[in-house]
Each structure stands twice: as structure tokens, then as C-alpha cells.
Amino acid sequence: MAEPTDRTREFYERGVRAARQGRFMAADHFFQRAVELVYGLRGTEGRVHGARHIARIYAELGLARMAARHYRRALALLERAGAGGSVLFGVVAARLEELNGANLSRVLAGLGILSPGNGPVTALELHSGQVLDEVRAIAARGEPDDAACARAARRLNAAEVPTGRGGAWTARLVRHLCADGDGQ
């Protein structure tokens, strides 16, 4: 079994590769796994801090739109938890404001890093949490089987969640995401 630091580094590197390829759903999954290993975050507070850490990773990679998306996710989680006026809410809102106010594209382009900017959120990005919930539920039960993957694909298709290519989900695609998440 690999040490947590090795697994953390592996998940982080896989997340960076996926983000650079534009596979943000997979990148989110890998970054979440890395953050969970390092900080052991659980519950609503864990998801908020996880979203903050992932936003910071995306900002460092020059992916301002994805960073802003995760800061907004942290704010939404805090609001749902009734912590809309908390200090943490203020900190996250300030980070989002800084990110939106800064012209990251120009700064990062000067460093040789290209940023896609803060364009519209795609349908895939909008539903990525739902897909990740399905994948994590399957992965939590152990080795994914065909029946569980097929049920997850049916649920995603019934909810009209598109795949990265805009098509329908299949058991094979769900299994592939589960395998990516386990490092297989």
C-alpha cells in the first residue's frame, strides 16, 4: 500500500493532467481525493474547505473559471448550512471577488500559462457534482460491478446529465470513471 503522501501526489498529478486536457469532472474527482487524504475533511465543513482548496489549485493552474466555480460552490454550501454571515463566508466571498477582479489571463499569459477565462459554465460542469456523487457511491462499495454502473448510467440519463461529448451515459463510461478514481 502506498503512503498517503504518495497517493496524494498521484491524485494531484492525475488531476492536473485531467485539468490540462479539459477533463474537469475527472480533475475535480482527483483533486477532491487528494484534499481528503491530506486534510481528512468530512461533512459540510469538509466539503466547503475542500472546495476552497480545489479552487486554489485551479487558480494556480491558471483556470480562473474553474476556480471561480469552486469558490461559488463553497459559498452555496455555506448558505445552505445557514452560515451565510460567517467569517468563513466572508473569506471565501473575498477570494472569489479577488479572482473575478484580477485579470488572470493577462498575468498568466505573461508567464506562459494560458487561461480559458471566465466563460459560461458548460452543461457538463453544471452537472459534474451529480456524476461525482454517483461515482463515489459506487466506489465506496468496493469494486464496481456492471449492474451498479448500469443503474448509475440510467439515473444520470434520466436526469438528462450529458457526458463530456454530450451523449448518453453507459455502464462502461461509469466504470471508467470509477477505475480512474481508484488509480487502476
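Residues numbered from 1 in each chain as written. Predicted model: local features only at pLDDT ≥ 70, side-chain atom pairs only at ≥ 80, totals over all residues. Heavy atoms only, no water.

Structural notes on the overall build of the chain
A tally of helices and strands in the chain yields 10 helices and zero strands. The order of α-helices and β-strands along the chain, N terminus first, is α-α-α-α-α-α-α-α-α-α. Sequence-distant contacts, at least 24 apart, represent 60% of the contacts inside the chain between residues at least 6 apart. With an accessible surface of roughly 10,100 Å², the chain has 54% of that area assigned to carbon and sulfur atoms. (Helix = DSSP H or I, 4+ residues; strand = E, 2+ residues; numbered from the N terminus. Contact = heavy atoms within 4.5 Å. Areas by Shrake-Rupley, 256 points an atom, 1.4 Å probe, with all protein chains shown as cover.)

Some words on the packing of helix 2 (residues 24–39) against helix 3 (residues 43–61)
Angle between the axes and distance between the axes are the two parameters that describe a pair of packed helices. Between helix 2 and helix 3, the least distance of the axes is 9 Å, while the angle of their chain directions is 120°. Viewed along their axes, helix 2 and helix 3 adopt a mutual orientation that is oblique. Judged by the sense of rotation from one axis to the other, the crossing of helix 2 with helix 3 is right-handed. Touching Phe24, Ala27, Asp28, Phe31, Gln32, Val35 and Tyr39 of helix 2 are Gly50, His53, Ile54, Ile57, Tyr58 and Leu61, all from helix 3. (Axes fitted to C-alpha atoms, helices over the stretch in contact; angles between N-to-C directions. Parallel < 35°, antiparallel > 145°, perpendicular 65-115°, else oblique. Left-handed = near helix turned anticlockwise from the far one by under 90°.)

A few points about the packing of helix 8 (residues 128–140) against helix 9 (residues 146–158)
Taken N-terminus to C-terminus, the directions of helix 8 and helix 9 make an angle of 165°; their axes are 10 Å apart at the nearest point. By the angle between their directions, the pair helix 8 and helix 9 is classed as roughly antiparallel. Where helix 8 crosses over helix 9, the two elements pack in a sense that is right-handed. Note on element contacts: helix 9 touches helix 8 through Ala148, Cys149, Ala152, Arg155 and Leu156, opposite Gln130, Val131, Glu134 and Ile138.

Quick look at helix 2
End to end, helix 2 covers 22 Å across 16 residues, agreeing with the expected 22 Å (1.5 Å per residue, within 8%). Inspection of helix 2 places Phe24, Met25, Ala26, Ala27, Asp28, His29, Phe30, Phe31, Gln32, Ala34 and Val35 among the buried residues, and these make up the whole buried set. Backbone geometry just downstream of helix 2 places Gly40 in the positive-phi region, at approximately 60°. (Expected span 1.5 Å × (residues − 1). Buried < 20%, exposed > 50% of the residue type's maximum accessible area, 1.4 Å probe, protein only.)

As for the packing of aromatic side chains
Inspection of the entire model under this criterion finds four aromatic pairs. Measuring from centroid to centroid gives 5.9 Å for Tyr12 and Phe31, while their planes differ by 45°, and the two rings are tilted. Taken together, the residues span a long stretch of sequence, with Tyr12 in helix 1 (residues 4–20) and Phe31 in helix 2 at a distance of 19 residues. Consider the rings of Phe31 and Tyr58, whose centres lie 5.3 Å apart with planes at 85°: the pair is edge-to-face. Placement of Phe31 in helix 2 and of Tyr58 in helix 3 is noted, with a sequence separation of 27 residues between them. A relative accessible area of 0% means that Phe31 is categorised as buried. Taking the relative accessible area as the measure of exposure, Tyr58 reaches 0% and is therefore buried. Counting every residue linked through ring pairs, the aromatic cluster contains Tyr12, Phe24, Phe31 and Tyr58. (Phe/Tyr/Trp six-rings, centres within 6.5 Å; stacked < 30°, edge-to-face > 60°.)

What about the side chain of His53?
Considering the arrangement of structural elements, one finds His53 in helix 3. When sequence neighbours within four positions are dropped, the list of residues in contact with His53 reads Val35, Tyr39 and Leu41.

What about the environment of Ala139?
Within the fold, Ala139 resides in helix 8. Since its relative accessible area comes to 23%, Ala139 is described here as partly exposed.

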